[in-house]
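Each chain, written out:
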Amino acid sequence: QLVESGGGLAQAGGSLRLSCATSGPTWFKYSMAWFRQAPGKEREFVGWIDWVRGNTYYFESVKGRFTISRDAVKDTLFLQMNSLKVEDTAVYYCAASEGPMGTLTSDYTYWGQGTQVTVSS
């Protein structure tokens, strides 16, 4: 089970930190990722993390601004978002897979309910 929190309203240039609380064995979250979906657009990849090794990979538009991390003790995934832009406005989802990391929604089996992030100019 995945439960996101931490969304809200931020000004352009500001920061927000999203959390994704997980429950269950490690095998189901071998790969974890963040996706986002803006109104009228398809869900898009933001970044993934190898839960065991901690390696990360990001979509080009968020590189250098967003950071994915995890707390293995607390079973929580994080997305630190800095230098926010209006175009970052979307519902953000965390996702998990027992398989290899990927950038497609079809690569992930388990999804959270999403949390809204709104960035104002």
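Above this text sits the structure in question.
If you're wondering where the values come from, they're calculated on a predicted model, not measured in any experiment.

What counts, and at which threshold
Residues numbered from 1 in each chain as written. Predicted model: local features only at pLDDT ≥ 70, side-chain atom pairs only at ≥ 80, totals over all residues. Heavy atoms only, no water. Pairing = 2+ DSSP bridges. Helix = DSSP H or I, 4+ residues; strand = E, 2+ residues; numbered from the N terminus. Axes fitted to C-alpha atoms, helices over the stretch in contact; angles between N-to-C directions. Core = buried A, V, L, I, M, F, W, Y, C linked by side-chain atoms within 4.5 Å. Buried < 20%, exposed > 50% of the residue type's maximum accessible area, 1.4 Å probe, protein only. Contact = heavy atoms within 4.5 Å. Salt bridge = Lys/Arg side-chain N within 4 Å of Asp/Glu carboxyl O. Disulfide = S-S within 2.5 Å.

A. Expanded view of the sheet that holds strand E1 (residues 2-5). One open sheet accounts for 4 strands, arranged E1-E3-E8-E7; its pairing is antiparallel. Bordering the open sheet on either side are E1 and strand E7 (66-71), each of which pairs with just one other strand. Within the sheet, the average angular offset between the axes of one strand and its neighbour, ignoring direction, is 15 degrees. Inspection of the sheet shows strand E3 (residues 16-22) paired to strand E8 (residues 76-81) by 6 bridges, in the antiparallel sense. Note that in E8 the partner of Arg17 across the bridge is Gln80.

B. Focus on the nonpolar core. Counting residues in each nonpolar core, the largest one holds 25 residues, and the members touching the most others are Met32, Trp34, Phe66, Leu77, Leu79, Met81 and Tyr92. Going through the elements one at a time, E3, strand E4 (31-37), strand E5 (44-50), E7, E8, strand E9 (90-97) and strand E11 (115-120) are the ones with two or more residues in this core. For this core, the leading source of residues is E9, giving 4 residues. Look past the residues within four positions of Leu77 in its chain and what remains in contact with it is Leu18, Ser19, Cys20, Met32, Ala33, Trp34, Ile49, Trp51, Ile68, Ser69, Arg70 and Cys94. Phe35, Trp48, Ala95 and Tyr108 belong to the second largest nonpolar core, which has 6 residues in total.

C. Structural detail: the pattern of salt bridges. Scanning all chains against the criterion turns up 5 salt bridges. Between Glu44 and Arg36 there is a salt bridge, with the nearest N and O atoms lying 2.6 Å from each other. According to the relative accessible area criterion, Glu44 is partly exposed, its value standing at 30%. We classify Arg36 as buried; its relative accessible area is 5%. Through salt bridges that share partners, Arg36, Glu44, Arg65 and Asp88 make up one connected network.

D. Structural context of unusual backbone geometry. With a phi close to 55 degrees, Asp75 is a non-glycine residue in the positive phi region. Tracing the chain through its elements places Asp75 in the loop between E7 and E8.

E. Representation of the environment of Gly13. In this fold, Gly13 is placed in the loop between strand E2 (8-11) and E3. Along the backbone, Gly13 and Lys63 are 50 residues apart, and their C-alpha atoms lie at a distance of 15 Å. For Gly13, the contacting residues outside a window of four places in its chain are Ser83 and Leu84.

F. Spatial organisation of the state of the cysteines. Summed over the entire model, instances satisfying the criterion amount to 1 disulfide. The disulfide bridge from Cys20 ends at Cys94, spanning 2.0 Å between sulfur atoms. When the S-S torsion is 55 degrees, as for the bridge of Cys20 with Cys94, the disulfide is right-handed. Placement of Cys20 in strand E3 and of Cys94 in strand E9 is noted, with a sequence separation of 74 residues between them. This pair shows no difference in class: Cys20 is buried, exactly as Cys94 is.

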